[in-house]
Amino acid sequence: MRFASWPLCLAIAPLYAAAPTFYKDVLPILQDHCQACHRTGQIAPMPLVTYADARKWSAAIVTRTAARTMPPWFADPRTGHFSNDPSLTPAQISTLAEWAHAGSPAGNRTDAPHPRRWTPGFTIPQPDLVISMPKPVTIPAHGDIEYTYEIVHTGFTEDRWVRMSEVRPASRAHVHHAVVYIRPPGSTWLAQAPIGTPFTAMSMPDEQSRHDAEMTTSDMLLVYAPGSSPDQWPEGMAKLIPRGSDLVFQMHYTANGHAATDQTGIGIIFAKDPPKQRVITLQLTNSHFRIPPGDPSYRVEARGTLPNDALLLSFFPHLHLRGKEFSYNLVHPGENGAPPKIEPLLEVNYNFFWQLSYRLAEPRSLQAGAELQAVAIFDNSRKNAHNPDPEAEVVWGDQTYNEMMVGFFDIAVAPDVDKVQFFDRTPH
Ligand code: HEC
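Here is what the cut-offs are and how they apply
- Residues numbered from 1 in each chain as written.
- Predicted model: local features only at pLDDT ≥ 70, side-chain atom pairs only at ≥ 80, totals over all residues.
- Heavy atoms only, no water.
- Donors = N, O, S within 2.8 Å, 3.2 Å for Na, K, Ca; no water.
- Buried < 20%, exposed > 50% of the residue type's maximum accessible area, 1.4 Å probe, protein only.
- Salt bridge = Lys/Arg side-chain N within 4 Å of Asp/Glu carboxyl O.
- Helix = DSSP H or I, 4+ residues; strand = E, 2+ residues; numbered from the N terminus.
- Pairing = 2+ DSSP bridges.
- Axes fitted to C-alpha atoms, helices over the stretch in contact; angles between N-to-C directions.
- Domains from an automatic or database assignment.
- Contact = heavy atoms within 4.5 Å.
- Buried area = accessible area lost by both parts, 1.4 Å probe.
- Near = heavy atom within 4 Å.
- Polar contact = N/O pair within 3.5 Å; in protein donor to acceptor, adjacent residues only side chain to side chain.
- Nonpolar A, V, L, I, M, F, W, Y, C, P; charged D, E, K, R; others polar.
- 1 Å grid on protein atoms, 1.4 Å probe; cavity = no way out; pocket = protein on both sides within 12 Å on 5 of 7 lines; lining within 4 Å.
- Points joined across faces, edges and corners; volume = space filled by probe spheres on them.
- Phe/Tyr/Trp six-rings, centres within 6.5 Å; stacked < 30°, edge-to-face > 60°.

Q: Please provide a residue-by-residue account of the coordination of the iron atom of the ligand, values included.
A: The coordination sphere of the iron atom of the ligand, as far as protein atoms go, consists of His 38 (NE2) and Met 70 (SD), spread over 2.0 to 2.3 Å. The exposure class assigned to Met 70 is partly exposed, which follows from its relative accessible area of 22%.

Q: So what's going on with the pattern of salt bridges? Residues and values would help.
A: For the structure shown, the criterion picks out 11 salt bridges. A salt bridge links Glu 393 to Arg 290, with the shortest nitrogen-to-oxygen separation between them at 3.1 Å. With Glu 393 in the loop between β18 (371–378) and β19 (406–413) and Arg 290 in the loop between β12 (277–285) and β13 (298–305), this residue pair connects regions lying 103 residues apart in the sequence. Overall, Glu 393 belongs to the partly exposed group, its relative accessible area being 44%. Note that Glu 343 and Arg 364 form a salt bridge whose closest N and O atoms lie 2.7 Å from each other. Of this pair, Glu 343 sits in strand β16 (residues 341–349) while Arg 364 sits in strand β17 (residues 358–366), placing them 21 residues apart in sequence. Note on Arg 364: relative accessible area 28%, which makes it partly exposed. Members of the salt-bridge network, linked through shared partners, are Arg 299, Glu 301, Arg 303 and Glu 371.

Q: Summarise the sheet that holds strand β15 (residues 323–332); cite the residues concerned and give the values.
A: Reading across from one edge, β13-β18-β15-β16 is the order of the 4 strands in this open sheet, with antiparallel pairing throughout. One side of each edge strand has no neighbouring strand; the edge strands of this open sheet are β13 and β16. Ignoring strand direction, the axes of neighbouring strands in this sheet form an average angle of 20 degrees. The pairing of β13 with β18 spans 8 bridges and is classified as antiparallel. Bridge pairing in β18 places Arg 299 opposite Ile 377.

Q: Just give me the short version of the domain arrangement of the protein, but keep the residues and values in it.
A: Interface size is commonly expressed as the accessible surface area that is lost when the partners come together. Taken domain by domain, the protein holds domain 1 (16–111), domain 2 (119–275) and domain 3 (276–428). For domain 1 versus domain 3, the distance between C-alpha centres works out to 32 Å. Facing 13 residues of domain 1, the contacting portion of domain 3 comprises 15 residues. Here domain 1 and domain 3 share an interface that buries about 1200 Å² over both sides, 64% of which is from carbon and sulfur atoms.

Q: Let's hear about the site of the ligand: which residues, and what values?
A: Close to the ligand lie 19 residues; Cys 34, Cys 37, His 38, Arg 64 and Met 70 are nearest. In this structure, a nitrogen atom belonging to the ligand sits 2.7 Å away from a side-chain N or O atom of His 38. A distance of 3.0 Å is found between an oxygen atom of the ligand and a side-chain nitrogen or oxygen belonging to Arg 64. In terms of residue class, the shell around the ligand is built from 15 nonpolar, 3 polar and 1 charged.

Q: Explain empty space enclosed by the protein to me, using residue names and the numbers behind them.
A: For the coordinates displayed, the defined rule picks out 1 cavity of 30 Å³ or more. By volume, the largest cavity is sized at about 170 Å³. Looking at which element gives the most residues to the lining of the largest cavity, the answer is strand β6 (residues 219–224), with 4 residues. Viewed by domain, the lining of the largest cavity spans two of them, domain 2 (119–275) and domain 3 (276–428), each represented by three or more residues.

Q: How would you summarise the packing of aromatic side chains if you had to cite specific residues and measurements?
A: Following the criterion strictly, the structure yields 17 aromatic pairs and no others. When the centroid spacing of 5.1 Å and the interplanar angle of 75 degrees are considered together, the rings of Phe 22 and Tyr 23 count as edge-to-face. Judged by centre distance (6.5 Å) and plane angle (55 degrees), the ring pair of Phe 289 and Trp 396 falls under tilted. Remark: Trp 396 occurs in the loop between β18 and β19 and Phe 289 occurs in the loop between β12 and β13; sequence separation between them is 107 residues. Of the residues examined, Phe 289 reaches a relative accessible area of 4% and is grouped as buried.

Shown next as structure tokens:
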């Protein structure tokens, strides 16, 4: 009978199923999920590119992937789907484990996928243009380092649309964050500041410009922190660098015992065609909190109402060492006096050492008046292993022993709308 042999086949199959091999089964996983960081010159401590690399680390690969601490990803899987989620499937995790348990066989080289070609220093393809800070910044070995700025003229004589961009720090070990702002011509922001040479807010000539240094309505081209992914906008969307703009690098360096110099740059790939939508970055911020000493779960929220229709694309939460959770929600008004309904869009188990962006797999269309809420939970207790001082009351500040609460998010709007126009609430 046809079916009679089934049980036998099932019983025998595992004996004959060959163990996964490096070239056929493991390398494709490493290429797609690990090598963005695990290759020479990137943030991970070792490359996972060759068979020798992977074999040497096979035990650790099994442990870290089974624990889901590699690849790093902090979004609660029950909320939302994200296009840049690098997480492995249970089947991929088993493949890695079976491969290691079978003695990490190499297998047949001809089974290997094409080697992944990386642009040196970048995860995006070869940039059309790399704009670097013209002068290196000297980073001391010890002590707090004030935010350091450097302004670069783009020299663009026409509007340029950016489809992808990626920050390339020269001294990765010192760059705690970098924000690259687009300063359009005519902007008064940092008008007193020098061009092409590093400066800090403290070096500005008057109180007002010292204060203004960190306050700007300029759009951001990109925020970088270790582990964050480059910007790659969906087809038909791009960020605008208006002609005649400057780029302003805001660098936060942290001393790590070794003095160094840094000359960070940004790689840009321009859109081939004029986009249908313009991407702008907004933020939900609360800077008026006081986190009590020892509090294991202190809640801070920020809310904002969208003044116009927009397509919500992605999120980038930013807290410091006491950050524990961060969520973005949509607040739907309750009907007939019912309490508002909170719809979670992203819930992050926040980890200061991994500041990641989260890109919605399906961008969400929001209407004018939609209310967004960001909620941060801070752990200022002794139980937080990274807490620099559980005895301290903590307020907003630049340094990592101060706190921040910023929920950056990207939206797409009509191509001719800029950030200021977007906030114009008068009907057009
Ligand atoms: C976003 C960047 C990034 C990605 C993607 C990534 N890693 Fe890592 N990985 C790191 C960094 C940085 C470290 C060192 C810090 C740490 O141990 O958490 C690390 C550490 C590790 C370690 C521990 C090394 C040690 O010293 O014990 C292993 C093993 C590892 N990664 C495997 C993987 C594997 C396997 C993948 C893909 C499935 C992967 N990683 C994806 C950045 C990354």
